[in-house]
Amino acid sequence: MADGPVAELLLRRLEASDGGLDSAELAAELGMEHQAVVGAVKSLQALGEVIEAELRSTKRWELTVEGEEIAREGSHEARVFRSIPPEGLAQSELMRLPSGKVGFSKAMSNKWIRVDKSAADGPRVFRVVDSMEDEVQRRLQLVRGGQAEKLGEKERSELRKRKLLAEVGSWRDRPFKPYNFLAHGVLPDSGHLHPLLKVRSQFRQIFLEMGFTEMPTDNFIESSFWNFDALFQPQQHPARDQHDTFFLRDPAEALQLPMDYVQRVKRTHSQGGYGSQGYKYNWKLDEARKNLLRTHTTSASARALYRLAQKKPFTPVKYFSIDRVFRNETLDATHLAEFHQIEGVVADHGLTLGHLMGVLREFFTKLGITQLRFKPAYNPYTEPSMEVFSYHQGLKKWVEVGNSGVFRPEMLLPMGLPENVSVIAWGLSLERPTMIKYGINNIRELVGHKVNLQMVYDSPLCRLDAEPRPPPTQEAA
Amino acid sequence: MPDGKIQKLIITEETAKIRPFAVAAVLRNIKFTKDRYDSFIELQEKLHQNICRKRALVAIGTHDLDTLSGPFTYTAKRPSDIKFKPLNKTKEYTACELMNIYKTDSHLKHYLHIIENKPLYPVIYDSNGVVLSMPPIINGDHSKITVNTRNIFIECTGTDFTKAKIVLDIIVTMFSEYCENQFTVEAAEVVFPNGKSHTFPELAYRKEMVRADLINKKVGIRETPENLAKLLTRMYLKSEVIGDGNQIEIEIPPTRADIIHACDIVEDAAIAYGYNNIQMTLPKTYTIANQFPLNKLTELLRHDMAAAGFTEALTFALCSQEDIADKLGVDISATKAVHISNPKTAEFQVARTTLLPGLLKTIAANRKMPLPLKLFEISDIVIKDSNTDVGAKNYRHLCAVYYNKNPGFEIIHGLLDRIMQLLDVPPGEDKGGYVIKASEGPAFFPGRCAEIFARGQSVGKLGVLHPDVITKFELTMPCSSLEINIGPFL
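Please read these numbers as outputs of a predicted model, since none were measured by experiment.

## Concerning the overall build of chain A
Broken down by element type, chain A carries 18 helices and 15 strands. For 477 residues, the compact-globule estimate of 2.2 N^0.38 gives 23 Å, and chain A exceeds it by more than 25% at 45 Å. Each principal axis of the C-alpha atoms in chain A carries an extent, and together these give about 130 × 80 × 45 Å. Put simply, chain A has 477 residues, and 49% of those count as buried. Contacts in chain A between residues at least 24 apart in sequence constitute 68% of all its contacts with a sequence separation of at least 6. Surface exposure of chain A reaches about 25,200 Å², of which carbon and sulfur atoms provide 51%. One way to put it: in chain A the 63 positive side-chain charges average out to a point 6 Å from where the 62 negative ones average out.

## A look at the overall build of chain B
Scanning chain B from terminus to terminus reveals 11 helices and 25 strands. For 490 residues, the compact-globule estimate of 2.2 N^0.38 gives 23 Å, and the C-alpha radius of gyration of chain B, at 34 Å, exceeds that figure by more than 25%. Seen through its C-alpha atoms, chain B measures out along the principal axes to roughly 100 × 65 × 45 Å. Within chain B, counting contacts between residues at least 6 apart in sequence, those at least 24 apart form 66% of the total. A total accessible area of about 22,300 Å² is found for chain B, and carbon and sulfur atoms account for 51% of it. The distance from the centre of the 58 positive side-chain charges to the centre of the 58 negative ones in chain B is 2 Å.

## Observations concerning a nonpolar patch on the surface
Residues and elements named next belong to chain A. On the surface, Leu11, Leu47 and Val50 cluster together into a nonpolar patch covering about 240 Å² of accessible area. With respect to the helices, strands and loops of the structure, Val50 is situated in the loop between α3 (34-47) and β1 (59-63). Looking at Val50, the relative accessible area reads 43%, which means it is partly exposed.

## Here we look at the interface of chain A and chain B
Every contact between the two is made by 102 residues of chain A and, on the other side, 84 residues of chain B. At the boundary of chain A with chain B, total buried surface from both sides reaches about 7,900 Å², with 56% on carbon and sulfur atoms. Between chain A and chain B we count four salt bridges in total. Seen at the junction of chain A and chain B, the total is 46 residue pairs in polar contact (both at pLDDT 80 or more). Broken down by element, the residue count for the side of chain A that touches chain B peaks at eight residues, all from helix α15 (residues 353-365) of chain A. The residue makeup of the side of chain A that touches chain B, split by class, is 44 nonpolar, 32 polar and 26 charged.

## Digging into the pattern of salt bridges
All names here are of chain A. For the structure shown, the criterion picks out 44 salt bridges over all chains. Its salt-bridge partner being Glu209, residue Lys366 comes within 2.7 Å of it at the nearest N-O pair. Of this pair, Lys366 sits in the loop between α15 and β12 (372-376) while Glu209 sits in helix α10 (residues 195-209), and the two are 157 residues apart along the sequence. Here Lys366 falls in the partly exposed class, since its relative accessible area comes to 30%. Between Glu287 and Lys290 there is a salt bridge whose closest N-O contact spans 3.2 Å. A relative accessible area of 33% means that Lys290 is categorised as partly exposed. Salt bridges linked by common partners bring Glu135, Arg138, Arg139 and Glu155 together as one network.

## Let's talk about the domain arrangement of chain A
Segmenting chain A into domains produces domain 1 (3-56), domain 2 (61-169) and domain 3 (195-458). The C-alpha-based centres of domain 2 of chain A and domain 3 of chain A are spaced at 90 Å.

## Concerning unusual backbone geometry
For the peptide bond that leads from Lys312(A) to Pro313(A), omega is 0°, which places it in the cis range. Tracing the sequence through the fold places Pro313(A) in the loop between α14 (298-310) and β10 (317-326). Following Phe200(B), the chain continues into Pro201(B) via a peptide bond in cis, with omega recorded as 5°. The topology assignment puts Pro201(B) in the loop between β12 (197-200) and β13 (206-211).

## Observations regarding the environment of Gly191(A)
Positionally, Gly191(A) belongs in the loop between β5 (165-169) and α10. Spatially, the C-alpha atom of Gly191(A) lies 7.9 Å from that of Tyr457(A), the residues being 266 residues apart in sequence. Setting aside its immediate chain neighbours within four residues, Gly191(A) contacts Ala306(B), Gly309(B), Phe310(B) and Thr311(B).

## Some words on the sheet that holds strand β15 (residues 421-429) of chain A
Here we have seven strands laid out as an open sheet, ordered β6-β10-β11-β15-β14-β13-β12 (chain A), and mixed in their pairing. Taken across any chain shown, the strands that pair with only one partner, and hence form the sheet edges, are β6 (213-214) and β12 of chain A. Set on the sheet, helix α6 (residues 262-273) of chain B makes contact with β12 and β13 (382-392) of chain A; between it and β13(A) the angle comes to about 30°.

## Topic: the sheet that holds strand β4 (residues 124-127) of chain A
Residue and element names in this part refer to chain A. Read across the sheet, three strands follow the order β2-β4-β3 without closing on themselves; strand pairing throughout is antiparallel. Each of the sheet's edge strands pairs with one partner strand only, and the pair in question is β2 (89-90) and β3 (113-116). With four bridges joining them, β3 and β4 adopt antiparallel strand pairing. Bridging across to β4, Arg114 finds its partner in Phe126. Against the sheet, helix α7 (residues 100-109) makes contact with β3 and β4, and its axis sits at roughly 105° relative to β3, the strand it touches most.

Rules used throughout
Sequence positions are assigned chain by chain, starting from 1 and proceeding in written order. To read the labels, note that chains go from A and ligands from 1, taken in the order they are written. Given that this is a predicted model, residues contribute local features only at a pLDDT of at least 70 and side-chain atom pairs are listed and counted only at 80 or more, while totals for whole chains, interfaces and linings are drawn from all residues. Computation of side-chain values: all heavy atoms of the structure, hydrogens and water removed. Here a strand is any run of E in DSSP of at least two residues, a helix any run of H or I of at least four, and the numbering for each starts at the N terminus. Only the C-alpha atoms count toward the radius of gyration. The rule for a globule is 2.2 Å times the residue count to the power 0.38. Think of it in three bands: residues with accessible area under 20% of the maximum for their type are buried, residues over 50% are exposed, and the middle band is partly exposed, with areas taken using a 1.4 Å probe on protein chains only. For this analysis, residues touch if any pair of their heavy atoms sits within 4.5 Å. Using a 1.4 Å probe, the Shrake-Rupley method yields the accessible areas, and only the shown protein chains count as cover for residues. Working convention for charge: Lys and Arg count positive, Asp and Glu count negative, and His plus the chain ends are omitted. Taken as the charge centre is NZ of Lys, CZ of Arg, CG of Asp or CD of Glu, depending on the residue. Grouping into patches uses exposed residues only, defined as over 30% relative accessible area, and leaves out salt-bridged ones; the cut-off is 9 Å for like charges and 5 Å for nonpolar side chains (Val, Leu, Ile, Met, Phe, Trp, Tyr). Any carboxyl oxygen of Asp or Glu within 4 Å of a side-chain nitrogen of Lys or Arg constitutes a salt bridge here. Accessible area that two parts lose when put together, with a 1.4 Å probe and added across both, is what the buried area reports. By the criterion applied in these results, polar contacts are pairs of N or O atoms within 3.5 Å in which, for protein atoms, one can donate a hydrogen and the other can accept it, and in which residues neighboring in sequence qualify only through two side-chain atoms. Here the nonpolar group is Ala, Val, Leu, Ile, Met, Phe, Trp, Tyr, Cys and Pro; Asp, Glu, Lys and Arg are the charged ones; every other residue, Gly included, is treated as polar. Residue ranges assigned to the domains are those given by an automatic or database domain assignment. Should DSSP find at least two bridges between two strands, the strands are regarded as paired. In this description, a line fitted to the C-alpha atoms serves as the axis of each element, helices being fitted only across the stretch in contact, and the angle between N-to-C directions of two axes falls anywhere from 0 to 180 degrees.

So, in structure tokens, the structure goes:
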């Protein structure tokens, strides 16, 4: 640019001129865009020691529309003056003239006219002076001629107040770099919520919307009694192995158990009762006392149902909980020793398997899952039991979304719940839907200290029933 | 039976202390193919893993009867007195030697503990002193079964009599199909130490009665009793309608040891009906929902912590002893922590008594992120407490850390002020307000630690972390933290 034609012209003019050039004037003279001249100036500046340039901001003035009219026709007060004949004019008539209303008070304060209120047929306006100078028009014409600087600061101000004059900043001629709307903005400085806990909030909401009351689950440590025996899970069951359950060294045993209830549980396991054959083995109190890290929140449900059973008469309830559980299993990309279990429970007279399916349908609908299928399953403490499947559009297959069942009478009756009360329940993990929702493959990136904080910063709102974002288009292999 | 007599298994009293129960039966003239043989072995393995609880409750031994001669004796002897050639080995070993050899056997080493430290080991002999097996570890090679075996002697030994009988029933019912006399099992007599004897397998069929309307009511369907009987029969529970037309009599075969209550029958009926054919209905249960107050408060606080510019973390409740003690400059015994027995790795030694280590480890794993790092977590910690029924209790803590080139005590202090503002706890010691007082702690820089008192009690501490703590958690910048128990603010 520094060697372009504009720059050359500029240099020649500069040589010839005395006292510098104004870029705007030069642009007008040469008939080119001001921006082009500015560009040439800048590139010459960049060469250093060729030219000196100084940035000035100038104020320019121009007339408003009304100002233009007045410059042409004269000010309103002047027109008022001219329209008054020697014999005067009725004020009412004067006011009806175009410039009347506006010009009257100004003409009065200029002492060009006076009003005789005592005239016979109403107030009459008379000239005071024989002639006047329409200063306003003169000044406006000066501005129109490009000589606004000949007016004083005060005069210009006055005209501006009357909205006859407007200030024009030279920003109008300034070149502005166009915005790159493809670039990103500055992200606001904010805190963030953890994605798994965002999903947890949503599930809590869903349960509350369905009328479920939250159970207390603030105890990670549980006795084998509440975690297994009260649920009619036999003492020789493989799940009670050291391999699947974290048992405690300290405190190793539960200090208190509700002994009359314990006796009923013992009898049911070893001899049967309540319509059951039982498991027919030697039930040991010591085994039930063993403390552990709870393997499911169903132990909290058992406690809640036991408390419910002590209240007479029986009232139906809907309970839920979402909290941490612990399994001593092999760890891999999708399994950790600790995870969160979601559990829902309904206790009422005459509940059926059909009711369980109905509740599940409403629950999963709130997650945006409408197609459900059920498959027989096995749990030690529910019978019938069902695995719940939904159709995953992306994977194009049915995937398991939860486990459910009707609690066994051997679990409920020793608690003291009435015989015709059924309790239906279901559960799922919190981690799995979260990993699917947020597209995370390794659970360690989501839970625990090895979390990817950038993922936490960037994770969107949890909207469980929203349409999943279409996956980015893949290139053909 | 060739000589008109059934096989006999005699149990001696020595077994009482180690593995008291045994049952036996015979499958005659069985015809194995490779597939059937493999399936036979696999069934034993599966049963061992499940109902036998990895051989601890029951162990199965199957033997080629033609290589043996009864009666058989089930006894227990000193390990040094037991010597035989075990399955797939070429010479004889004593039991002691075998226990050593199998220590490195990837399959068998898991079962050694069942008898290892006992004075007597179980062993079964035939009338010629041939060892059939040393349950639950290994069978003898002499009586091993091959595809060509025609007559099988099955013994099940264990510590649970009910399960042993069930296991025997399952094996014989599943494989009697392949006997020349299909679905026929030859009984065996078991003589107990007290002289009493019993034949096995029990193969007890029993009859149960269930009301048709019970099934309908529990499932949520409306089938006639006849249809229900048909459905159950399809599930191999032979049923027929009897009595007043409402009762269904069901014959429960020995293969269905899982049917112990009417609800088991209800499930079978529902399965036969088809779960996906059941009409989905909503219960009419009317309830008003309530939130658990501690969780409600937690939810409210979380959102405002994020609004204050902190990022939420979710860390593990289980950690190493070091994490909550040594690295924070305290002794583990002072922490009143809950200890896990036999943890597989150090990561699962204790349950956390503070949220701080988790947050510091999160920072350490995210060192490349731009500073400052401001993290928080509101979650449970566990402390031993003999006033509770299990002996330990959860407390809901709120912990926040600020990690930057400068420690930022004023930031963490400001966060505390904001939290108190949100909890509507005014500054000042009186009228249920809060105040912080100079304190010290091994985890904190001397002179830069304060204890927080609110509503008359100590609720936690805040301060600049001690450089030793910083180093032990593999961090490099200064850090200040705040941890309080939010229970008192409910």
